[in-house]
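Descriptive structure summary
Listed below, chain by chain, are the residues.
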Amino acid sequence: MASKRLSNYQILECILEDDEESIIDSPDEDEGDDEVIQSDHNSESEESANETELEWSDDDNEPLSRHASKDSDSFYLSKKKCTKWAKEPPRTSVRVRRHNIMRETPGPKGAAKEIHTMSEAFFCMFSMDTVNLVLQQTNDYIKSIQGKFQRERDCKFLEYEELLAYLGLLYMSGVLRSSHLNFKDLWATDGTGIEFFQNTMSFNRFLFISRCVRFDDKNTRSERQKTDKLAAVREFTDLMNNNFINNYSASENVTLDEQLPAFRGRFSGVVYMPNKPTKYGIKHYALVDSATFYLLKFEIYAGVQPEGPYRMPNDTVSLVKRMTEPIWGTGRNVTMDNWFTSVPLTNTLLKDHQLTMVGTIRKNKPEIPTCFQPKRTRAEHSSLFGFQEDVTLCSYVPKKSKAVLLISSMHHDNKIVESEKKKPEIILYYNRTKGGVDTNDQMCANYYVGRRTKRWPMVIFYHLLNVAGINAYVIYKNKIDHGISRREFLKHLAVDLVKARQQTRATIPQLPRAVQKRLKRNAQVQDPSPTSRGGPSTTYKRCHICPRSKDKKIRFMCAKCHQQVCHDHSTMICDKCID
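Since this is a predicted model, take the numbers as computed values, not measurements. (Residues numbered from 1 in each chain as written. Predicted model: local features only at pLDDT ≥ 70, side-chain atom pairs only at ≥ 80, totals over all residues. Heavy atoms only, no water.)

So, on to the confidence of the model for the chain. Mean pLDDT for the chain: 82, with 83% of residues reaching 70 or above. Between residues 1–71, whose pLDDT stays under 50, and residues either more than four places distant or in other chains, the model counts 72 contacts. With pLDDT under 50 throughout, residues 525–535 is counted as low confidence; its partners more than four residues away or in other chains account for 22 contacts. (pLDDT = per-residue confidence, 0-100. Contact = heavy atoms within 4.5 Å.)

Structure (structure tokens):
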């Protein structure tokens, strides 16, 4: 049919243009949208009284309002008549849209590209700056409480090797899934304990370190808390965030959602979330790679911050912009749930930051047409689509009287997958990419390193140790061993972290003999004897040749086997004869 009338989508584009010349030239901007869709049922006298001029199409010499009346079913109008959605999708025979082209190569970057061992992958996440911060602040706190202890050995300063060993024990406890087990049982000497823990440090020393771990200067904390509720962990969390961002480039899809490490103690940021397994805790916003579950960035919710540099708006648009800042301009897609999504946010991410978005959207948003809402009249497994220039709205009926609403700036068609339930492609794409944060949360829970505590900074510390273990595993698996399981990775990482401490501990003469033997057998350390030559030992022991009935104890030991031996079973040889 050789008609020169404008197509439905062209009419929509003309209507939505505000700043450029269009075929619609309404004198009243607030009433212009209503004129396009309403029927021309007013009399000439009413039109004259309202001084409303009719707009004319170029070819038909008909008022455009009458033209729109004939094609009114080509558009959906929102409940408040503020937004229009075209029923027909835009032309699809075009080249790939610019915002669907990714501009970065996913995978490890920076220092993470040069790793060769598990411990190197871990130190990309838990950097030396982070270790030194924890070491310094912990020792400062130990110094402040030393006067409360009668024996100096009960309050020794924390050493570098000892801090790494402490982290290794936490990771091993996660591998053994003993986070809810009384830690004293791991040091039990009745045969039910774990040698790995007994060989590394004493139980009392472990408790002392857990008590003293700090992340800031306690003397200046009260002043910093006037402008920051997270002053106790601010420097530590900033370092961890930078490590996560600087060592990995995400794949084309990322997920934005909430995490809730369990905590019910005293902290202004504790929230109640009934849909989470733990219900109460410290809320974290997390940006996670949907494919590898690497956590790229996190932000801790502490309520409304005091006036100062750390007071940020908590509205969803500002929050999403802060969380997605590391991937601005990269052409990635962000999947999120209906707590975050809105039509203005979708347009902002696309036009200002070159990021597409897919997510569910709440039914009470003002841009949603009434016919997209749940209705009994809608057939089961049916779908409705609304299109704008860069945004697609989808409403799917999974069962009677129910409807699922999704919005996408990545999809621009009404494609439906041929199956029994006839789900739209937008829904299937959302289901494939929505689980990044939830899976990361589940991985943290599988090998959780945390202990019960009343100190909220330790809850954040344990949670970030879990995340660092996952991120280090993703990097190591990508670069070195593609087939290693996460359990094996964490187990070998824990052994690497405690090895130096066990070797140092084996040289302590006062160490129990049973522990020395275990260290020699399990840690492959050299015999901790004080000398390689025969001579007096520091302790009296029974001669290993004499029968037990004699119970002959002697200080001298053999120069070769380093065991105690009496004069009846030994011969004295001078140094010259030995040579």
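This brings us to the side chain of threonine 255. Within the secondary structure layout, threonine 255 lies in strand E5 (residues 253–259). The buried category is assigned to threonine 255, whose relative accessible area is 1%. From its side chain, threonine 255 meets the backbone oxygen of threonine 433 in a polar contact 2.6 Å long. Ignoring anything within four residues of it in the chain, the contact list for threonine 255 reads Ala286, Leu287, Val288, Ser290, Thr335, Thr433, Lys434, Gly435, Gly436 and Val437. (Helix = DSSP H or I, 4+ residues; strand = E, 2+ residues; numbered from the N terminus. Buried < 20%, exposed > 50% of the residue type's maximum accessible area, 1.4 Å probe, protein only. Polar contact = N/O pair within 3.5 Å; in protein donor to acceptor, adjacent residues only side chain to side chain.)

For E5, a buried count of 7 out of 7 residues is recorded, marking the element as mostly surrounded by other parts of the structure. Here E5 shows a buried face lined by Asn253, Thr255, Asp257 and Gln259 and a second buried face lined by Val254, Leu256 and Glu258. Of the pairings in the sheet, the one linking E5 to strand E10 (residues 333–336) comprises 4 bridges and is parallel in character. In the strand pairing of E10, valine 254 is matched with valine 334. Note that E5 and strand E8 (residues 284–289) share 6 bridges and pair antiparallel. Paired with leucine 256 across the strands is leucine 287, a residue of E8. (Pairing = 2+ DSSP bridges.)

Moving on to the packing of aromatic side chains. In this structure the tally under the stated criterion is 28 aromatic pairs. Plain terms: the ring middles of phenylalanine 183 and phenylalanine 197 are 6.0 Å apart, the flat faces sit at 75° to each other, and that makes the pair edge-to-face. Placement of phenylalanine 183 in the loop between helix H7 (160–175) and helix H8 (195–200) and of phenylalanine 197 in helix H8 is noted, with a sequence separation of 14 residues between them. Across the pair, phenylalanine 197 and phenylalanine 183 agree in class, each one buried. Considering the side-chain rings of phenylalanine 267 and tryptophan 456, the 4.2 Å spacing of their centres and the 25° angle between planes classify their relative orientation as stacked. Of the two residues, phenylalanine 267 sits in the loop between E5 and strand E6 (270–272) while tryptophan 456 sits in helix H16 (residues 456–479), which places them 189 residues apart along the sequence. Of the two residues, phenylalanine 267 and tryptophan 456, neither departs from the other in class, the shared state being buried. The ring of tyrosine 280 is capped by arginine 264, whose NZ or CZ atom sits 3.8 Å from the centre of that ring. (Phe/Tyr/Trp six-rings, centres within 6.5 Å; stacked < 30°, edge-to-face > 60°. Lys NZ or Arg CZ within 6 Å of the ring centre and 35° of its normal.)

Positionally, proline 398 belongs in the loop between strand E13 (392–396) and strand E14 (404–408). With relative accessibility at 31%, the residue proline 398 sits in the partly exposed group. Sequence separation between proline 398 and lysine 421 is 23 residues; the distance between their C-alpha atoms is 7.7 Å. Apart from the residues within four sequence positions on either side, proline 398 is in contact with Glu380, His381, Ala403 and Val404.

Positioned with a positive phi, lysine 279 is a non-glycine residue whose angle comes to about 70°. For lysine 279, the location among the structural elements is in the loop between E6 and strand E7 (280–282). The phi angle at serine 401 is positive, at roughly 65°, despite the residue not being glycine. When you line up the elements, serine 401 lands in the loop between E13 and E14.

Before going further, it helps to spend a moment on helix H17 (residues 486–505). In a regular helix each residue adds 1.5 Å, so 20 residues correspond to 28 Å; H17 covers 29 Å between its end C-alpha atoms and thus fits that length. Maximal helix bending in H17 amounts to about 40°, located at valine 498. Of the positions making up H17, those classed as buried are Arg486, Phe489, Leu490, Leu493, Ala494, Leu497, Val498, Arg501, Gln502 and Arg505. (Expected span 1.5 Å × (residues − 1). Bend = angle between axes of the 7 residues up to and from the residue.)

This part is about the pairing of E8. When you tally the buried positions in E8, you get 6 out of 6 residues, the bulk of the element. Of the two faces of E8, the one holding His284, Ala286 and Val288 and the one holding Tyr285, Leu287 and Asp289 are both buried throughout. Where E8 meets strand E9 (residues 295–300), 5 bridges bridge the pair, whose relative direction is antiparallel. If you follow alanine 286 over to E9, its bridge partner there is phenylalanine 298. Between E8 and E9, which pair antiparallel one after the other, the connecting turn spans 5 residues, and phenylalanine 293 there sits at a positive phi close to 65°.

This part is about the pattern of salt bridges. Summed over the entire model, instances satisfying the criterion amount to 13 salt bridges. With a closest N to O distance of 2.6 Å, arginine 205 and glutamate 162 form a salt bridge. Separated by 43 residues along the polypeptide, arginine 205 in helix H9 (residues 203–212) and glutamate 162 in helix H7 bring together distant segments of the chain. We classify glutamate 162 as buried; its relative accessible area is 3%. Linking glutamate 425 and arginine 432 is a salt bridge whose minimum nitrogen-to-oxygen distance equals 3.3 Å. The exposure class of arginine 432 is exposed, given its relative accessible area of 53%. Sharing partners across several salt bridges, the network here consists of Glu162, Arg205 and Arg501. (Salt bridge = Lys/Arg side-chain N within 4 Å of Asp/Glu carboxyl O.)

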